[in-house]
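Architecture at a glance
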Amino acid sequence: MTRQHAMENGVVRRRRRLTASLLLVAAVSLAATAGSLARIAGVETGGLAGSPAIELLKARFRRPDAVPFPKANPHSPGKEDLGRTLFFDPRLSRSGSVSCASCHNPSLGWSDGLARAVGFEMKPLARRTPPIMNLAWGSAFQWDGRAESLEHQARMPLTAPDEMNMTMEMVIERLVAIPGYRALFAQAFERPDAITAESVTAALATYQRTLVSGRAPFDRWVAGEESALGPDAKRGFALFTGKARCASCHSTWRLTDDSFHDIGLTGDDPGRGTFAPPSVVTMQRAFKTPSLRDLRLQGPYMHDGSVRTLDDVIEHYVKGGAKRPSLSPEMRPIALSADERHDLIAFLSSLKAEPIRVELPQLP
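Numbers given for residues are sequential positions, taken from 1 along each chain in its written order. Whole-chain, interface and lining totals are the exception, using all residues; otherwise, since this is a predicted model, local features are given only for residues with pLDDT of at least 70 and side-chain atom pairs are given and counted only at 80 or more. Where side-chain values are given, they derive from all heavy atoms of the structure, hydrogens and water being excluded.

**Structural notes on the overall build of the chain**
The secondary structure listing takes helices from DSSP runs of H or I that are at least 4 residues long and strands from runs of E that are at least 2 residues long, numbered from the N terminus. If you tally the helices and strands in the chain, you get 13 helices and two strands. A total accessible area of about 16,900 Å² is found for the chain, and carbon and sulfur atoms account for 57% of it. We get accessible surface area from the Shrake-Rupley algorithm with a probe of 1.4 Å; when it comes to residues, only the shown protein chains can shield them.

**A closer look at the nonpolar core**
Buried residues of nine kinds, namely Ala, Val, Leu, Ile, Met, Phe, Trp, Tyr and Cys, make up a nonpolar core once their side-chain atoms join them within 4.5 Å. In this scheme, a residue with accessible area under 20% of its type's maximum is buried, one over 50% is exposed, and one in between is partly exposed, where area comes from a 1.4 Å probe on protein chains only. Ranked by internal contacts, the top residues of the largest apolar core, which has 38 residues, are Leu-82, Leu-86, Phe-87, Leu-175, Phe-185, Val-200 and Leu-204. Looking at this core, the elements with two or more residues in it are α4 (77-87), α5 (100-103), α6 (150-159), α7 (168-176), α8 (179-189) and α9 (197-209). In terms of residue count, α9 provides more of this core than any other element does, seven residues in total. The contact rule is simple, with two residues in contact once any of their heavy atoms fall within 4.5 Å. Not counting residues up to four positions away in its chain, the partners in contact with Phe-185 are Leu-82, Leu-86, Leu-175, Glu-190, Ala-194, Ile-195, Ser-199 and Val-200. Grouped together as the second largest cluster of nonpolar side chains are 35 residues, Phe-61, Met-302, Phe-347 and Leu-351 included.

**Here's the deal with the packing of α6 against α9**
Lines fitted to the C-alpha atoms define the axes, with helices restricted to the stretch that makes contact. Angles between their N-to-C directions range from 0 to 180 degrees. At a closest axis distance of 8 Å, the pairing of α6 and α9 adopts a crossing angle of 110 degrees. Between α6 and α9, the angle is such that the two are roughly perpendicular. Residues Leu-150, Glu-151, Gln-153, Ala-154, Arg-155 and Leu-158 of α6 pack against Ala-197, Glu-198, Val-200, Thr-201, Ala-202, Leu-204, Ala-205, Gln-208 and Arg-209 of α9. For this scheme, ten residues count as nonpolar: Ala, Val, Leu, Ile, Met, Phe, Trp, Tyr, Cys and Pro. Four count as charged, namely Asp, Glu, Lys and Arg, and the remainder, Gly too, count as polar. Of the residues that constitute the contact of α6 with α9, the class distribution is eight nonpolar, three polar and four charged. Here roughly perpendicular refers to angles of 65 to 115 degrees, roughly parallel to angles under 35, roughly antiparallel to angles over 145, and oblique to all remaining angles.

**A word on α8**
Considered for burial, the residues of α8 that qualify are Tyr-181, Phe-185, Ala-188 and Phe-189. One side of α8 holds all its buried residues, which, seen down the axis, span an arc of 80 degrees. Counted as exposed and oriented over 90 degrees from the buried face of α8: Pro-179 and Gln-187. Packing partners of the buried residues in α8 comprise α4, α7 and α9. Phi for Glu-190, located one or two positions after α8, is positive at around 55 degrees. Think of it as the arc spanned by the lines of direction from the helix axis to the C-beta atoms.

**Notes on the packing of α4 against α9**
One way to put it is that α4 packs onto α9 with a least axis distance of 7 Å and a crossing angle of 95 degrees. The pairing of α4 with α9 is recorded here as roughly perpendicular in orientation. On α9, the residues that touch Lys-79, Glu-80, Leu-82, Gly-83, Arg-84, Leu-86 and Phe-87 of α4 are Val-200, Ala-202, Ala-203, Leu-204, Thr-206 and Tyr-207. Its residues assigned to classes, the contact of α4 with α9 shows eight nonpolar, two polar and three charged.

**A word on the packing of aromatic side chains**
Stacked, tilted and edge-to-face are the three classes assigned to paired rings of Phe, Tyr and Trp, where Trp is represented by its six-membered ring and a pair needs centres within 6.5 Å; plane angles under 30 degrees give stacked, over 60 edge-to-face, the rest tilted. Under the counting rule described, the total for this entry stands at 14 aromatic pairs. Criterion for a charge above a ring: Lys NZ or Arg CZ within 6 Å of the ring centre, and within 35 degrees of the ring normal. Cation over ring: Lys-58 sits above Trp-221, and NZ or CZ is 4.3 Å from the ring centre. Sitting above the plane of the Phe-260 ring, Arg-272 keeps its charged end 4.8 Å from the centroid.

**Some points on the confidence of the model for the chain**
Summing up the model confidence of the chain, the mean pLDDT is 88 and the portion of residues at 70 or higher is 86%. Here residues 1-9 is modelled with pLDDT under 50, and outside its nearest four sequence neighbours on either side it reaches 14 contacts, counting other chains as well. On a range of 0 to 100, pLDDT expresses the predictor's confidence in each residue. Confidence over residues 11-47 falls short of pLDDT 50; this stretch has 54 contacts with residues more than four positions distant or in other chains.

**Some details on α7**
Buried within α7 are the following residues: Met-168, Val-171, Ile-172 and Leu-175. All buried residues of α7 project into a common sector of 95 degrees when viewed along the axis, lining one side. Projecting away from the buried face of α7 at angles above 90 degrees are the exposed residues Glu-169 and Glu-173. Along its buried surface, α7 packs onto α4, α6, α8 and α9.

**Topic: the state of the cysteines**
Disulfides are covalent bonds that link the sulfur atoms of two cysteine residues. We call a pair of cysteine sulfur atoms a disulfide whenever their separation is within 2.5 Å. Enumeration over the complete set of coordinates arrives at zero disulfides. Here Cys-100 stays unpaired: no disulfide links it, and the sulfur of Cys-103, its closest cysteine neighbor, is 8.8 Å away. Cys-100 sits in the buried class, given a relative accessible area of 11%. For Cys-246, which is in no disulfide, the shortest distance to another cysteine sulfur is to Cys-249 and amounts to 9.3 Å. The partly exposed category is assigned to Cys-246, whose relative accessible area is 22%.

**What about unusual backbone geometry?**
Cis geometry marks the peptide bond from Gly-299 to Pro-300, where omega comes out at 0 degrees. By secondary structure assignment, the location of Pro-300 is in the loop between β2 (287-288) and α12 (310-319). The backbone of Asp-258 sits at a positive phi, close to 60 degrees, despite the residue not being glycine. Its place among the elements puts Asp-258 in the loop between α11 (231-241) and β1 (260-261). The phi dihedral of Arg-285 falls on the positive side, at around 60 degrees, and the residue is not glycine. With respect to the helices and strands, Arg-285 occurs in the loop between β1 and β2.

**Considerations on the pattern of salt bridges**
Pairing between side chains of opposite charge can happen when the charged atoms of each approach one another. The term salt bridge refers to a pairing of a side-chain nitrogen on Lys or Arg with a carboxyl oxygen on Asp or Glu at a separation within 4 Å. Overall, the coordinates contain 20 salt bridges when judged by the stated rule. Across the pair Arg-293 and Asp-219 runs a salt bridge whose closest N-O atoms are separated by 2.7 Å. Taken together, the positions of Arg-293 in the loop between β2 and α12 and Asp-219 in helix α10 (residues 217-222) put the pair 74 residues apart, joining distant regions of the chain. Each member of the pair, Arg-293 together with Asp-219, is buried. Counted as one network, the salt bridges with shared partners bring together Glu-55, Lys-58, Glu-226 and Lys-234.

So, in structure tokens, the structure goes:
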């Protein structure tokens, strides 16, 4: 079995596990009328607030206690500091003017606020810059999942001709020529001559794993603080996990299943289909489910930045997307009233936390 086929099989297995886990949500939803869903969210009489049903739903979205780091690249303060320094250093690009933070700007939700990314020599790219928060829990990276790890992903923008346009050899040559970096690498990896392609990507990946969303109002509500959410956001949660079927894909505490779906957008980008055999129909035009944590409420949205507002996003799902063989089975038209749309947006707003504090490094 090739590595690519193994990855595709992994996607299928994850989707099967997700389907099984969603049976609980389906059981709750099917057993409830629209009115009882509101009561499950605790917004009418509070009769089911704190009940086993709502607590089971909340548990699916509860934050983990610790950030995972792989055994092959464990965390260390020195490695994190080095990764932060590299992340904000424009000398890692051929022009010497573009850093990782140029596209993944902390003040713009770790993206760039643009519909499409801008690459080397201001070339417009085909896809939107994805945010990079909470990737320590991810299982595949990039919109099409072509990176198997954050270490693998860290190399891609550095060496892509239409992004930072370097080679790893050029990156190493530049870093070795800077005495301050020689000292930082030696400290982080506890050995001389530590500046290698592997250590560069290990440090960048380590720093990215530390970028974790703060506690949002939704987290406080999940933890038991009933007043953390207003009635409209609680109704929105009931819709999100029930009638609107959003949790079919936006599951787990990060509000993503880390899988790939064709949601029926227009355009010819094959997405995951670039790496999947044509026989894997569901991967054609499929893109990774983005996390909804710290969602930028002003847009743009989707992998290609083609949807401008949250109202437009909801309208797309209401209509069900373009009908074609690869369309995800979760994509089915649904009727939502103006009040229900408002409640969904109120819930999404509750996922936004205060921005994490970023200490800009002093470049060597």
